[in-house]
Structures are given as structure tokens and as C-alpha cells.
Amino acid sequence: MVDVIMRKYLERLGLDGNLTPTVENLRRIHRAHVEKIPYETLDFQLGRAPGINPAESAERLANSSRGGYCFHLNGALAQLLTALGYQVRTHRAGVQKVDEPVPPGINGNHMVLTVAGPPSPDGPGGGLLVDVGLGFAFHEPLPLRAGRAEQGAFGYELGPSSVEAGAWRLDHRPLRGFAGADISLAPARPEDFAEEHVRLSTAPDSDFVRLARVQRRDADGTDLLLGCVLTRITVAGDERTGLDTATDWFDALWSTFGIHPDEFGAEGRDRLWGTVRAGHEEWRRSGPEAVTATG
């Protein structure tokens with residue numbers, strides 16, 4: 001049943017509630033989600049990380065111009081897809097960054113979804129890997145089978161994982177933002193991610209706390225805001241723009257990512273800009289290679 005919150009959620013995606021659970025409609029939902037709802041961790045800059053209850057995340061996305069990161073975005077999407085009649089499961093994953101020699105593993109620092117293959121015009125299929133909670137993530141779901149997929153500027157390769165029986169390995173090729181992820185197919189609950197959410201959203205050494213980040217995906221590439229640098233990433237290359245004033249920064253937040261500055265209030269905007277700028281200066285002193293985008 002699609003309730004009022006879910007209808008508002010769909011309206012934000014530019015979709016209506018009359019969506020039967022098919023593969024093509026799942027693709028439409030996934031594309032709309034990554035194009036219209038940003039991956040962002042701005043609340044962490046303000047020291048007020050939202051909880052990861054899926055129903056609360058869905059209500060937040062339905063009633064604001066805000067986004068979130070994997071636990072918020074994929075948790076909310078699971079609620080929406082379930083309301084539309086899809087068979088959805090939530091899973092623990094472990095994302096590895098490009099610049100750290102961290103071995104493969106499933107530590108729960110990322111959440112993914114799988115959807116049982118609904119009817120498809122091109123015949124029956126297996127499950128689908130769904131992920132709207134990675135800044136460099138898919139534009140459309142990936143078939144849950146070994147193989148490679150090219151989507152705009154990014155490529156993804158799925159195969160068996162070596163760290164857990166029945167698990168999957170996702171490699172990002174070429175490397176950009178994250179190196180890869182190991183994905184358990186065992187069902188997971190929201191509370192299974194609580195400890196990692198606290199660490200990622202509050203620890204002083206967390207990349208998400210150290211530096212503001214906002215990202216939004218489309219068919220050709222992604223727009224990435226790290227600190228005070230806005231980068232457009234496509235097959236043709238990267239185009240960077242420095243945002244040196246609060247006005248420029250909040251204008252980009254609205255025009256590029258759809259987050260309205262009024263969401264933060266006057267005092268919140270001042271606090272946010274001060275934190276963003278301070279984090280950017282620290283990042284600049286340590287070198288841009290010190291921070292990369294993960295889950």
C-alpha cells in the first residue's frame with residue numbers, strides 16, 4: 001500500500017503511485033532517485049547526524065530537499081520499494097577506499113539492497129543489486145550475476161567474493177572514489193548498521209566528519225562537492241570550480257544538488273559554512289589525496 005508519505009516520496013522523484021513492480025519501473029525509480037536526491041553528509045558537519053530508521057529516513061526524504069548517505073538513502077528506498085510490491089532485502093557490505101590498503105571484508109560500513117527479479121519483458125531474470133547510497137554508484141540496478149557493466153563514466157564488475165561463502169565482490173573500474181566492496185547476501189536489519197553509523201557520522205577521523213561532501217549521479221557522470229570544490233566528472237574528464245564564498249557555495253548546493261539553503265535556517269547556514277570552510281582549509285593543507293569518497 002502506498003501511503004501519503006510514499007506518495008510524497010514518489011512526487012519528489014517525479015513519479016506517480018501507479019507503478020507496478022516490474023524491472024523497467026525499478027530502473028525508472030533507481031534513475032530518478034540518484035538524479036534527484038543527493039548523497040550528502042552535511043548534518044555531520046553540524047554535529048547532528050540523523051538516525052537510520054528506514055521509515056524516518058523515507059519521511060525525511062519525502063518532506064524536504066535533503067538527502068543522506070547509504071544508511072539513509074538505501075533504507076528509505078527499501079521502504080518505498082516494499083510499499084510498491086517489490087521483494088526487497090537489506091544487506092551488509094564493506095567498502096574499500098582507493099587510497100588505503102584495506103583488505104576486502106564485510107564490516108557493515110555500507111548498506112546495499114537486493115530485489116528479487118520481478119517480471120521482465122525480456123524474460124525471467126535473477127536478483128538485482130540496488131544501490132542509491134554510493135556517490136559513485138550505479139545509475140541503474142545491476143543484474144546480480146558475474147560480469148561487467150559500463151554506466152557513463154563508471155564501470156562496475158561483479159563476481160564472487162573471497163571473504164564469505166555466497167557473497168559478492170563489486171570492483172570499481174576504473175578506480176574512482178572507492179576501490180570496491182564485498183557484499184553479504186545474508187539479510188540484515190537496521191540495527192546491524194548502528195555502530196558503524198555512529199562511527200562514520202561522529203568520529204573526528206571519519207572522512208564524512210572531516211570534510212563536507214555532496215554528490216548527485218546522472219547518466220553521464222556525477223557532480224561532486226568536496227569542501228569548497230565542485231567537480232563535474234564525466235568520460236571527457238573533470239571540470240573543477242572553486243567556491244570561495246558562502247553565497248557561491250549555497251548557490252551551488254541549490255542549483256546543482258537541489259538542496260535549498262533554507263533547510264538549515266540562518267544560524268545553521270552560518271555554522272555550516274564556517275565548518276565547511278575550516279574543513280576545506282585543513283584538507284587543502286594535508287593534500288586533496290588525503291580524502292576520497294566512500295560509501
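Quick note: structure is the one above.
Below: a short report on this structure. Predicted model only: the values in this text are computed from it and were never measured. (Residues numbered from 1 in each chain as written. Predicted model: local features only at pLDDT ≥ 70, side-chain atom pairs only at ≥ 80, totals over all residues. Heavy atoms only, no water.)

Comments concerning the packing of helix H2 (residues 23-36) against helix H5 (residues 70-83)
Between H2 and H5, the least distance of the axes is 12 Å, while the angle of their chain directions is 150°. The hand of the H2/H5 crossing is right-handed. The segment H2 lies against H5, with Leu-26, Ile-29 and His-33 engaging Leu-73, Leu-77, Leu-80 and Leu-81. Taken together, the residues of the contact of H2 with H5 break down into six nonpolar, one polar and no charged. (Axes fitted to C-alpha atoms, helices over the stretch in contact; angles between N-to-C directions. Helix = DSSP H or I, 4+ residues; strand = E, 2+ residues; numbered from the N terminus. Left-handed = near helix turned anticlockwise from the far one by under 90°. Contact = heavy atoms within 4.5 Å. Nonpolar A, V, L, I, M, F, W, Y, C, P; charged D, E, K, R; others polar.)

A few points about the sheet that holds strand S10 (residues 213-217)
An order of S1-S10-S11-S12-S13 is seen for the five strands of this open sheet, with the pairing classed as antiparallel. Each edge of the open sheet carries a strand with a single partner, namely strand S1 (39-40) and strand S13 (237-242). In this structure, S1 lies alongside S10, joined through two bridges in antiparallel fashion. In the sheet register, Glu-40 faces S10, and the bridge partner there is Val-214. (Pairing = 2+ DSSP bridges.)

Here's the deal with the side chain of His-139
Note on placement: His-139 falls in the loop between strand S4 (128-130) and strand S5 (142-143). The class for His-139 is buried, based on a relative accessible area of 8%. At a separation of 2.6 Å, a polar atom in the side chain of His-139 contacts the side chain of Glu-35. In contact with His-139, other than residues within four places in its own chain, are His-30, Arg-31, Val-34, Glu-35, Gln-151, Arg-217, Asp-218 and Ala-219. (Buried < 20%, exposed > 50% of the residue type's maximum accessible area, 1.4 Å probe, protein only. Polar contact = N/O pair within 3.5 Å; in protein donor to acceptor, adjacent residues only side chain to side chain.)

Quick word on H2
Between its first and last C-alpha atoms H2 spans 20 Å; for 14 residues at 1.5 Å apiece the expected length is 20 Å, and the two agree. Listed in full, the buried residues belonging to H2 are Val-23, Asn-25, Leu-26, Ile-29, His-30, Ala-32, His-33 and Val-34. Taken together, the buried residues of H2 touch helix H1 (4-12), helix H4 (54-62), H5, strand S3 (110-115), S4 and S10. (Expected span 1.5 Å × (residues − 1).)

So, H5
Over its 14 residues, H5 runs 20 Å from end to end, which matches the ideal 20 Å to within 8%, given 1.5 Å per residue. Counting buried positions along H5 gives 12 out of 14 residues, so the element sits mostly inside the fold. For H5, the set of buried residues is Cys-70, Phe-71, His-72, Leu-73, Asn-74, Gly-75, Ala-76, Leu-77, Ala-78, Leu-80, Leu-81 and Ala-83. Gly-85 sits one or two residues past H5 and shows a positive phi near 105°.

Geometric descriptors of this kind do not, in isolation, establish any biological role.
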